[in-house]
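Survey of secondary and tertiary structure
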Amino acid sequence: MKNAKRAYYGRPIIKPPEWSGLIPTYFWSGGWSGASAALGLVARLSKNERLARVTTLSAAVGSLLSAFCLIADLKKPQRFLNMLRVFKPTSPMSVGVYLFAAFSGAAMTAAASELTGIARGVGRLGEGIAGLTGPLMSVYTSVLIGDTVVPAWHGARKTLPLLFAATSASTASGLAMLVCETRDAKPARRLALFSAVAVPVALERLRRELGPFQYEAYEARKAAELSHAARALNVLGCVFTLFARHRKAAKIAGVLLLAGGLAERFAVLHAGKISAQDPKFTIGPD
């Protein structure tokens, strides 16, 4: 095994991901977009019209930001359109692209109706579709990266969806608290507290799934810095959420939770890069 490692002269055995910061931003915005749509549907059904309006618009904004990041990273819009030419149920990438297109179309239709007051029935239909597909939208990117050969992602393929779901919920609720009036944001505060507890649970499961050796990628260099920052932001966001009946505390909690979710996405990206660049993670321990 040592000879195999020396044979590569420390070079990567697999190709490290060359993604820019656009991709983890896409993961982040897509996550809170999907969770916002789901929260909005619940708010609408419970007659919380103000929260429903805020989250419906948030879902559309997140969809637009996600589309921008994805297409900008692809460099050419035609590449995204080409992925829609063929649907392959066995391909997570193909299923994910169609899910993204369907969700985004529904979310933006709902937002357009909400803003203009035109075609309310169509808008409510779009809101329902976005709300039902929102949970899938918030985690499908974790399935995509878990399906790769990158050790830090593939080894955590069972837990990454749980981590993405928890951070998507925390960021969506944080955004709702940031924008919505405190009297209407009670469901968002509850979701924020629940998800803030779910995040460390997911991280502990991820550590156990990877094992001490593979988990080193999450404790190295930039990944460790971002991961520690994400945990601190998540804890502080949870603390301020406890006092979020006050407008200023709600805004601070919202910003902290949004920043924590973004830092966690970047931490996952850098852990993947680290594990792909170092042959030991691909070959395994001696």
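Parameters at a glance
- Residues numbered from 1 in each chain as written.
- Predicted model: local features only at pLDDT ≥ 70, side-chain atom pairs only at ≥ 80, totals over all residues.
- Heavy atoms only, no water.
- Helix = DSSP H or I, 4+ residues; strand = E, 2+ residues; numbered from the N terminus.
- Rg over C-alpha atoms; globule rule 2.2 N^0.38 Å.
- Buried < 20%, exposed > 50% of the residue type's maximum accessible area, 1.4 Å probe, protein only.
- Contact = heavy atoms within 4.5 Å.
- Lys, Arg positive; Asp, Glu negative; His and termini not counted.
- Charge placed at Lys NZ, Arg CZ, Asp CG, Glu CD.
- Axes fitted to C-alpha atoms, helices over the stretch in contact; angles between N-to-C directions.
- Parallel < 35°, antiparallel > 145°, perpendicular 65-115°, else oblique.
- Left-handed = near helix turned anticlockwise from the far one by under 90°.
- Nonpolar A, V, L, I, M, F, W, Y, C, P; charged D, E, K, R; others polar.
- Expected span 1.5 Å × (residues − 1).
- Salt bridge = Lys/Arg side-chain N within 4 Å of Asp/Glu carboxyl O.

**Considerations on the overall build of the protein**
- Of the regular secondary structure elements, the protein holds twelve helices and zero strands.
- Order of helices (α) and strands (β) in the protein, N terminus to C terminus: α-α-α-α-α-α-α-α-α-α-α-α.
- In terms of C-alpha radius of gyration, the protein reaches 20 Å, essentially the compact-globule figure of 19 Å for 286 residues.
- Along the three orthogonal principal directions, the C-alpha set of the protein runs to about 70 × 45 × 25 Å.
- Put simply, the protein has 286 residues, and 52% of those count as buried.
- Put simply, of all contacts in the protein between residues at least 6 apart along the chain, 74% involve residues at least 24 apart.
- The positive charge centre, built from 35 side chains, and the negative charge centre, built from 16, are 3 Å apart in the protein.

**Examining the packing of helix 2 (residues 22–45) against helix 3 (residues 49–74)**
- In contact at an axis separation of 7 Å, helix 2 and helix 3 are set at 160° when each is read in the N-to-C sense. As the angle between them shows, helix 2 and helix 3 are arranged roughly antiparallel. Judged by the sense of rotation from one axis to the other, the crossing of helix 2 with helix 3 is left-handed.
- The residue inventory of the contact of helix 2 with helix 3, partitioned by class, reads 16 nonpolar, twelve polar and four charged.

**Brief notes about helix 5 (residues 92–116)**
- For helix 5, which comprises 25 residues, the first-to-last C-alpha distance of 36 Å matches the rise-based estimate of 36 Å (1.5 Å per residue) to within 8%.
- Phi turns positive one or two residues past the end of helix 5, at Gly117, with a value near 80°.

**Description of the pattern of salt bridges**
- One pass over the full model with this rule turns up twelve salt bridges.
- A salt bridge links Glu49 to Arg44, with the nearest nitrogen and oxygen atoms 2.4 Å apart.
- Since its relative accessible area comes to 38%, Glu49 is described here as partly exposed.
- One salt bridge connects Glu204 with Arg208, and the closest N-O pair in it is separated by 3.1 Å. Residue Glu204 and its partner Arg208 are located together in helix 9 (residues 186–215), separated by four residues, close to a single helical turn.

**Structural notes on helix 2**
- With 24 residues, helix 2 ought to run about 34 Å at 1.5 Å a step, and its terminal C-alpha atoms sit 34 Å apart, in line with that.
- The element helix 2 is extensively covered by neighbouring structure, given that 21 of its 24 residues are classed as buried.

**Side note on unusual backbone geometry**
- Notably, Ala119 is not glycine yet its phi reads approximately 50°, a positive angle.
- In this structure, Ala119 sits in the loop between helix 5 and helix 6 (120–146).
- Judged by relative accessible area, Ala119 falls into the partly exposed class, the value being 41%.
- The backbone phi angle of Arg221 is positive, close to 45°, even though this residue is not glycine.
- Checked against the element boundaries, Arg221 lands in helix 10 (residues 221–241).
- Given a relative accessible area of 53%, Arg221 falls into the exposed group.

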